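# An overview of the molecular structure
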Amino acid sequence: MLKCTFCGRGAVYDRRYAGVLLCDRCFMKSVEKRFRKAVAKYNLISPGDKIAAALSGGKDSTVNLHLLADYRRHKDFDLVAVTIDEGIKGYRDESLKIAEENAKLLGVEHKVASFEEAFGATLDKIVKLAKKHKTGLSACTYCGVLRRSLLNKTARELGANKLATGHNLDDEVQAIMLNYIRADLARLYRLGPIYEEREGFVSRVKPLREIPEKEVAVYALLRGLKIHLAVCPHAGGIHMEIRDFINNLEANHPNSKFMILRMFESIKPKIAQSMIEFKPMKCEMCGEPTSSRICKACELLRELGL
Ligand code: SF4
Ligand code: ZN
């Protein structure tokens, strides 16, 4: 049996990029340490904060919520969980129940906000309308824009000053690559462990940003967390292609994901020099903060006649 590099117990995980084998205990400790290290290094949580944790019921957001709840032993802050019900039949209904159970288990207040209530249509309906109107936009584009807007609004209405999402290392690296491919410098610049508060926008923080997706999954498993495992029926497109590409790269060249992240971090200050900070305005249609006259959510919905 292979042994843990640190304590000699039976190894359960081969962390190839670091050249170490880990037993269950050392593995879990290292993930928890990495969470705390990111929080401290980027100053993600301050005493007196009210943190809204985005909670879908999937592995990332569930692990994030549990680690945030643990972290309350070190810092005094308030925690609430927010779930967005996009209206994806046969998928979100199940994960909503799991989200609810996790929040209850931790004694964390849980708020659910739905696309249907906020935007007048479920994501399933939006996808149908997008096909009918031949917009050429993917389900994930609508889902991402509308979810971001509704998460921000819900967190703000709950009095939270920070929104913590479960983005892991893979999510961050995929986003970096996607913005490269789309040549979207403004979006690229907004990536990072923390996106500071602007008028109407709650700060967004990502405590799991330096933990690979696979390790978040293994951690959830070892800790015995109840998580939703199904894949969204709308998933696909360029996001999946980039994910596969990066995973292949990592398999053949361990540590590639961290190198992409570090490279981005070292060029980010240079990008800053060419960025003009936008002044948030209020969307003329919905009143939510935006960088232009009409926010992206309203622009997408208007095109569909919603
Ligand atoms: Fe939304 Fe796309 Fe994720 Fe499905 S896969 S939940 S449509 S972003
Ligand atoms: Zn708007």
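Check the entry above for the structure.
Residues numbered from 1 in each chain as written. Chains lettered and ligands numbered in written order. Predicted model: local features only at pLDDT ≥ 70, side-chain atom pairs only at ≥ 80, totals over all residues. Heavy atoms only, no water.

### Structural notes on the coordination of the zinc ion (ligand 2)
To keep it simple, the criterion reads: Water is absent from the atoms considered, so a metal site may look incomplete; donors are defined as N, O and S atoms within 2.8 Å of the metal, or 3.2 Å for Na, K and Ca. Note on geometry labels: four donors, all angles 85 to 135 degrees, give tetrahedral; four donors become square planar and six octahedral when opposite donors are over 155 degrees apart and every other angle is between 65 and 115; remaining cases are irregular. Helix and strand assignments come from DSSP, with helices taken as H or I runs of at least 4 residues and strands as E runs of at least 2, each series counted from the N terminus. Buried means the residue's accessible area, taken with a 1.4 Å probe over protein chains only, is under 20% of the maximum for its type, while exposed means over 50%, and partly exposed covers the values in between.
Distances from the zinc ion (ligand 2) to its protein donors, namely Cys 283 (SG), Cys 286 (SG), Cys 295 (SG) and Cys 298 (SG), fall within the range 2.3 Å. With four donor atoms in place around the zinc ion (ligand 2) and angles of 103 to 116 degrees between them, the coordination shape is tetrahedral. Counting gaps between the donor residues of the zinc ion (ligand 2) yields the pattern C-x2-C-x8-C-x2-C. With a gap of twelve residues between them, Cys 283 in the loop between β9 (281–282) and β10 (289–290) and Cys 295 in the loop between β10 and α12 (296–303) connect regions that are remote in the sequence. As far as the burial class goes, Cys 283 and Cys 295 line up, both buried.

### Overview of the site of ligand 1
Convention followed: Residue proximity to a molecule or strand is established when one non-hydrogen atom of the residue lies within 4 Å of it. In this classification, Asp, Glu, Lys and Arg are treated as charged, Ala, Val, Leu, Ile, Met, Phe, Trp, Tyr, Cys and Pro as nonpolar, and every other residue, Gly included, as polar.
Within the structure, ligand 1 sits among Ile 88, Leu 123, Cys 140, Cys 143, Arg 147, Cys 232, His 234 and Ala 235. The dominant element in the shell around ligand 1, judged by the number of residues it contributes, is helix α6 (residues 139–157), at three residues. Considered class by class, the residues forming the shell around ligand 1 number six nonpolar, one polar and one charged.

### A word on the layout of surface pockets
Rules: We place a 1 Å grid over just the protein atoms. Points where a 1.4 Å probe fits but has no way out form a cavity, open points with protein on both sides within 12 Å along at least 5 of 7 lines form a pocket, and any residue with an atom within 4 Å of a point lines it. Grid points are joined across faces, edges and corners, and a volume is the space filled by probe spheres set on the points.
The computed volume of the second largest pocket comes to approximately 350 Å³. Those elements that place two or more of their residues in the lining of the second largest pocket are β1 (13–15), α7 (169–181), α9 (213–223), α10 (238–252) and α11 (256–274). Split by residue class, the lining of the second largest pocket holds six nonpolar, one polar and nine charged.

### Thoughts on the nonpolar core
What counts is decided by this rule: Note on terminology: a nonpolar core comprises buried Ala, Val, Leu, Ile, Met, Phe, Trp, Tyr and Cys residues joined through side-chain atoms within 4.5 Å. Any two residues whose heavy atoms approach within 4.5 Å are treated as being in contact.
Counting residues in each nonpolar core, the largest one holds 41 residues, and the members touching the most others are Phe 27, Ile 45, Val 63 and Leu 79. Listed by contribution, the elements that provide at least two residues to this core are β2 (20–22), α1 (24–41), β3 (50–54), α2 (59–71), β4 (78–85), α3 (92–106) and α9. Of all the elements, α1 adds the most residues to this core, at seven residues. Sequence-distant contacts of Ile 45, defined by excluding residues within four places in its chain, comprise Val 39, Ile 51, Leu 68, Tyr 71, Lys 75, Phe 77 and Lys 162.

### Remarks on the environment of Gly 107
With respect to the helices, strands and loops of the structure, Gly 107 is situated in the loop between α3 and β5 (109–114). C-alpha separation for the pair Gly 107 and Leu 79, spaced 28 residues apart in sequence, amounts to 9.7 Å.

### Thoughts on α10
This is how the line gets drawn: To estimate how far a helix should extend, the number of its residues minus one is multiplied by 1.5 Å. An arc is given here, and it is the one of the directions from the helix axis to the C-beta atoms.
With 15 residues, α10 extends 21 Å between its outermost C-alpha atoms, agreeing within 8% with the 21 Å of an ideal straight helix rising 1.5 Å per residue. Along α10, the residues classified as buried are Ile 242, Ile 246 and Glu 250. Along the axis of α10, the buried residues cluster in a sector spanning 70 degrees; they form a single face. Among the exposed residues of α10, those pointing more than 90 degrees away from its buried face are Glu 241 and Asn 252. Summarising the contacts, the buried residues of α10 are in contact with α7 and α11.

### Focus on a nonpolar patch on the surface
Heads up, the condition is: Distance thresholds for patches are 9 Å for like charges and 5 Å for nonpolar side chains (Val, Leu, Ile, Met, Phe, Trp, Tyr), applied to residues having over 30% relative accessible area and no salt bridge. All accessibility values rest on the Shrake-Rupley procedure with a 1.4 Å probe; residue burial counts only the protein chains present in the view. Salt bridges, as used here, are contacts in which a Lys or Arg side-chain nitrogen is within 4 Å of a carboxyl oxygen on Asp or Glu.
Among the surface-exposed residues, Tyr 180, Ile 181 and Ile 238 lie close enough to one another that they form a single nonpolar patch of about 280 Å² accessible area. Mapped onto the elements of the fold, Ile 238 is located in helix α10. By relative accessible area, Ile 238 is classed as partly exposed at 32%.

### Focus: the pairing of β3
For the record, the criterion: By definition, two strands form a pair when at least two bridges between them are found by DSSP. By convention, a crossover is right-handed whenever its connection, traced from the first strand over the helix to the second and viewed with the strands pointing away, goes clockwise.
Burial analysis of β3 places four of its five residues in the buried class, which makes it a mostly covered element. Summarising the sheet, β3 and β4 pair through five bridges and their orientation is parallel. Its bridge partner lying in β4, Lys 50 is registered against Asp 78. In this fold, the crossover linking β3 to β4 by way of α2 has right-handed handedness. By the bridge criterion, three bridges tie β3 to strand β6 (residues 162–164) in an arrangement that is parallel. Within β6, the residue paired with Ala 53 across the bridge is Ala 164.

### Section: helix α5 (residues 123–132)
Along α5, the residues that are buried comprise Leu 123, Ile 126, Val 127, Leu 129 and Ala 130. Angularly, the buried residues of α5 cover 165 degrees about the axis, an arc narrow enough to put them on a single face. Along α5, exposed side chains directed more than 90 degrees from the buried face belong to Lys 128, Lys 131 and Lys 132.

### Points about the pairing of β4
Sheet faces and side chains relate simply in a regular strand, where the side chains alternate between the two faces. The element β4 is extensively covered by neighbouring structure, given that six of its eight residues are classed as buried. One ladder, built from six bridges, connects β4 with β5; its direction is parallel. Counted as the bridge partner of Ala 81 is His 110 from β5. Following the backbone out of β4, through α3 and into the adjacent parallel β5, one traces a crossover that is right-handed.

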